[in-house]
Amino acid sequence: MSEALLSVQDLVVEFEVRDGNLRSVDHVSLDVPKETFMGLIGESGCGKTTIVQAILNLMPENGYIRAGRIYFDGTEILSLPPEKLRRIRWEKIAMVFQAAQNSLNPVMRISEHMIDTVLAHRRESRARILERASRLLELVSLDPDRVLVSYPHELSGGMKQRVIIALSLLLEPEMLILDEPTTALDLISQAYLMEMLQEIHHELGITMLMVTHDVSNVAKVAERVAVMYAAKILEVGSTEDVFYRARHPYTAGLINAIPSIVGDLSSKRPIPGLPPSLITPPPGCRFHPRCPLATQICREEEPRMEEVGAGHSVACHHWKKTGEK
Amino acid sequence: MTELLRLEEVQVVFERGWIRKRKGARAVSGVSMVIREGEIFALVGESGCGKTTLGRIALGLLRPTSGRVLYRGKDIWSADGKGLRPTGQMVHQDSYSALNPARTVYQTLAAPLRRYGVPRSKLKEEAEKLLEFVGIMPPKYFLNKYPYHLSGGMRQRLVFARSIIPKPRFIVTDEPVSMIDASLRLSILDLMLKLNCEFKIAFLYITHDLATARYLAQEGKIAVMYLGKIVEEGRMKEVLERPLHPYLRALLSAAPVPDPEIARKKKLLQLKEAEPPSAEAPPSGCGFHPRCPYAEGVCSREEPPLRDFGEGHRGACHLIEVLPPWRLM
Ligand SMILES: Nc1ncnc2c1ncn2[C@@H]1O[C@H](COP(=O)(O)OP(=O)(O)OP(=O)(O)O)[C@@H](O)[C@H]1O
Ligand SMILES: Nc1ncnc2c1ncn2[C@@H]1O[C@H](COP(=O)(O)OP(=O)(O)O)[C@@H](O)[C@H]1O
Ligand code: SF4
Ligand SMILES: [Mg+2]
Ligand SMILES: [Mg+2]
């Protein structure tokens, strides 16, 4: 595997809430190899968005990065002065936030959005910006002549989402992070968007990290997948490792809980129980209250991430038994 | 199976504008369908196609602009059908707003139990039985909890517990699992299957998600809606194996699957337009023609009728006989 472009190491993030400290990212490490399309999956509330916010140090007011280092292309970025970090954001790492469609300014034409975005970071002629914007809009299957002169409300949800992606690519970043890019889109628009992201990845060789709660969404496009549960990453591997050779009981259970339009449904089962509270998580392995393999050690000792195959890591005491029936 | 509910040429036009009423969107346009006792019927379509509106019509909550709604053979909106309301219930996606936040689990169930004739002395016992039945365990522990103490899945179970008190013959569920964690979604669908199996309650399951529709209505039926019309219907197994309508084919080709090999092999059907037209200015002829890759002249001129292709598998497309054979991969 190629070296990591982005490397998150031992990250801890907490929100101060009324009932105490809510640790939504708990000692998480994650490598995104250069030019890879990586998916980060997990159920809603498990901490995916928090990781992404922390990567760019864009925490909300009550959120605190308590520990950890984040390397981008070898440079630790959390300790950079704000001005330097701002340059890395957008110029090196672009980001498409959850529900980003609503972030377009309703009284600005798309062309003005494009120009403003670039001029906020560097000097460049309007003509050159618009030329690049046109190429990117074509890349996302939009008609530049029509879209550049439009106001946001004249575009559908799917079109706005594609405009946002074109905007994020304007500064020619090396990495694109997308948080739930397909929510609020209709099924067919979702499929087009995913296909388009795959094309962008191939054509521009850009490194991608796509965050989603929809497990099926990553199966087609991702090369590697990380699985998150209750503020922890439990398993990381190639998409095939995760979908066909899951070694963590949660991953296996989650995939077996997702119905499909094809294949056998008779073995599909929900996972019993509920995800834990992040304010008072269970001791030991966080999945133990729901896990079919749990034993005494699982209730007492937290499992560490272990390499179980080439590029495949799992945090489970009994990973060897997963999948055996 | 005997017929429970029949919709005949149902149409709903919502008026728009406060001061000068203008004719607005035709939310439902000439829909006919039959739901039988104990049947599971999935109604699938993308946002705004009219699913919720049709669900409300089926329950007698909304009077159609034209067309008839027959419950066990009687027109519920005719003079002599007055007062006749289908004994159905609605469960929608937001279980939180469906429950009174100031009422405990016990109070939520006790009021309707009283209304349906359970004596005061038996209320607690009956409430516990209901909770146990829908999988809220242990019941005693939950009786005095408030809705905000419950997880989304638990709340949805409580809504189901309450909805079966009037002994409904059918339940309309509108995206009941879209706000439930993925790992727990099947458990709510399984609860619906249990209610169907034990009490023979019929279900109209409204969703945009083909995969959960397939799971729930494996042995039942599916109808696919597009711009206020049913464009295809039939038995679930048959319809998903041999989809007739290009729109359903597009939906199937776009549906993500949790299996990388299949997902990569699946070909996305390329439409002429990715986005649906607005319901306020529906296209002429077949509503799908501006997006349909197969469309011919007739498609923009004439509206295709729903035609039967055997055993109740029906499709509304002019070109079904000449479309290429269907392949998912
Ligand atoms: N009360 C109303 N007044 C005016 N228009 C309405 C009303 N209710 C629905 N509509 C319109 O009717 C059409 C169908 O709406 P409906 O809510 O039935 O769709 P749906 O298929 O349930 O969509 P979704 O998947 O988003 O819930 C839409 O164009 C909607 O805007
Ligand atoms: N601004 C905030 N204040 C308090 N808690 C928050 C805030 N943002 C997120 N959280 C909590 O942190 C946890 C993880 O949230 P998030 O990262 O948004 O999850 P995901 O993106 O996986 O759905 C959740 O329990 C959520 O309620
Ligand atoms: S560590 Fe134990 S409880 Fe946790 S997933 Fe593995 S077997 Fe289950
Ligand atoms: Mg999120
Ligand atoms: Mg609806």
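Residues numbered from 1 in each chain as written. Chains lettered and ligands numbered in written order. Predicted model: local features only at pLDDT ≥ 70, side-chain atom pairs only at ≥ 80, totals over all residues. Heavy atoms only, no water.

To continue, consider the pattern of salt bridges. All names here are of chain A. Scanning the entire structure with this criterion turns up 32 salt bridges over all chains. For the salt bridge of R87 with E91, the shortest nitrogen-to-oxygen distance reads 3.5 Å. Of this pair, R87 and E91 both sit in helix α2 (residues 82–91), four residues apart, roughly one helical turn. On the basis of relative accessibility, which here comes to 18%, the residue E91 falls in the buried class. (Salt bridge = Lys/Arg side-chain N within 4 Å of Asp/Glu carboxyl O. Helix = DSSP H or I, 4+ residues; strand = E, 2+ residues; numbered from the N terminus. Buried < 20%, exposed > 50% of the residue type's maximum accessible area, 1.4 Å probe, protein only.)

Another point: the site of ligand 2. All names here are of chain A. Around ligand 2 sit 14 residues in total, of which G45, K48, T49, T50 and N62 are the nearest. For ligand 2, an oxygen atom lies 2.7 Å from a polar atom in the backbone of G45. Contact with the protein chains removes 70% of the 560 Å² of surface that ligand 2 exposes when unbound. Within the residue set of the shell around ligand 2, elements represented by two or more residues are β1 (4–17), β2 (20–33) and α1 (48–55). Classifying every residue of the shell around ligand 2 by side-chain character gives six nonpolar, seven polar and one charged. (Near = heavy atom within 4 Å. Polar contact = N/O pair within 3.5 Å; in protein donor to acceptor, adjacent residues only side chain to side chain. Areas by Shrake-Rupley, 256 points an atom, 1.4 Å probe, with all protein chains shown as cover. Nonpolar A, V, L, I, M, F, W, Y, C, P; charged D, E, K, R; others polar.)

A word on unusual backbone geometry. Here the bond from M137(B) into P138(B) is cis, since omega is -10°, no more than 30 degrees from zero. Relative to the assigned elements, P138(B) resides in the loop between α4 (123–134) and α5 (139–142). Positive phi outside glycine occurs at H27(A), with the angle close to 50°. The topology assignment puts H27(A) in strand β2.

As a general feature of sheets, a regular strand has side chains that alternate between the two faces. Residues and elements named next belong to chain A. Taken across its five residues, strand β3 (residues 37–41) has five buried, putting it largely inside the fold. Because side chains alternate across β3, one face comprises the buried residues F37, G39 and I41, and the other comprises M38 and L40, equally buried. Pairing of β3 with strand β8 (residues 207–212) involves five bridges; the strand directions are parallel. Paired with I41 across the bridge in β8 is T212. Summarising the sheet, β3 and strand β9 (residues 224–229) pair through four bridges and their orientation is parallel. Paired with M38 across the strands is R224, a residue of β9. (Pairing = 2+ DSSP bridges.)

Let's shift gears to the interface of chain A and chain B. Each partner contributes residues to the interface: chain A has 42 residues there, and chain B has 41 residues. Taken together, the two surfaces of chain A and chain B that pack against each other cover about 3,700 Å², and 63% of this comes from carbon and sulfur. Our count for the contact surface shared by chain A and chain B stands at one salt bridge. Measuring nitrogen to oxygen at the nearest pair gives 2.5 Å for the salt bridge that ties R264(B) to E240(A). Of all the secondary structure elements, the ones that give two or more residues to the side of chain A that touches chain B are α6 (157–169), α7 (187–204), α8 (215–221), α9 (239–244) and α10 (249–255) of chain A. (Contact = heavy atoms within 4.5 Å. Buried area = accessible area lost by both parts, 1.4 Å probe.)

Now for the pairing of β8(A). All names here are of chain A. Burial within β8 is extensive, with six of its six residues counted as buried. Every second residue of β8 is oriented toward a common face, with T207, L209 and V211 on one face and M208, M210 and T212 on the other, all of them buried. Where strand β7 (residues 175–179) lies against β8, five bridges are found, and the strand directions are parallel. Bridging across to β8, D179 finds its partner in V211. Between β7 and its parallel partner β8, the chain crosses via α7, and the hand of that crossover is right-handed. (Right-handed = clockwise from strand over helix to strand, strands pointing away.)

Further remarks concern α1(A). Note that an α-helix has 3.6 residues per turn; residues three or four places apart therefore point the same way. All names here are of chain A. For α1, the buried fraction is high: seven of the eight residues fall into the buried class. Along α1, the residues classified as buried are K48, T50, I51, V52, Q53, A54 and I55. Note on α1: the residue one or two positions beyond its end, N57, has a positive phi of about 50°.

Our next topic: the coordination of the magnesium ion (ligand 4). Residues and elements named next belong to chain A. Only T49 (OG1) and Q98 (OE1) from the protein coordinate the magnesium ion (ligand 4), and they sit 2.0 to 2.5 Å from it. Here the residue T49 occupies a position in helix α1, and Q98 occupies one in the loop between β6 (93–96) and α3 (110–119), the gap between them amounting to 49 residues. When its relative accessible area of 26% is taken as the criterion, T49 is described as partly exposed. Accessibility expressed as a relative area gives 39% for Q98, which makes it partly exposed. (Donors = N, O, S within 2.8 Å, 3.2 Å for Na, K, Ca; no water.)

It is worth spelling out the site of ligand 3 at this point. The environment of ligand 3 is formed by 13 residues, the closest being C285(A), C291(A), C298(A), C316(A) and H317(A). Residues belonging to the shell around ligand 3 are distributed by class as follows: nine nonpolar, four polar and no charged.

Residues and elements named next belong to chain B. Taken domain by domain, chain B holds domain 1 (3–87 + 168–322) and domain 2 (100–163). Centre-to-centre, using C-alpha coordinates, domain 1 lies 32 Å away from domain 2. Facing the 14 residues of domain 1 at the interface are eight residues of domain 2. Among the residues of domain 1 in contact with domain 2, I188, L191 and K194 are the three that bury the most area, contributing 41% of the side total. Broken down by element, the side of domain 1 that touches domain 2 gets its largest block of residues, eight residues, from helix α7 (residues 185–199). (Domains from an automatic or database assignment.)

Before going further, it helps to examine helix α3 (residues 105–115) of chain B. Residue and element names in this part refer to chain B. Taken residue by residue, α3 has V105, T108, L109, A110, P112 and L113 as its buried positions. Where the residues of α3 are buried, they touch α4, α5 and α6 (152–163). The positive-phi residue at the C-terminal boundary of α3 is G117, with phi of around 90°.

Formed by 140 residues in total, the largest nonpolar core has its most connected members in M114(A), L137(A), I165(A), I200(A), L109(B) and L210(B). The element contributing the most residues to this core is α7(A), with nine residues. Here this core spans two domains, since at least three of its residues come from each of domain 1 (3–87 + 168–322) and domain 2 (100–163) of chain B. The contact partners of L137(A), leaving out residues within four places of it in the chain, are M114(A), L142(A), P144(A), V147(A), L148(A), V163(A) and A166(A). The next biggest cluster of nonpolar side chains, apart from the first, holds 36 residues, and it includes C46(A), I77(A), I93(A) and V211(A). (Core = buried A, V, L, I, M, F, W, Y, C linked by side-chain atoms within 4.5 Å.)

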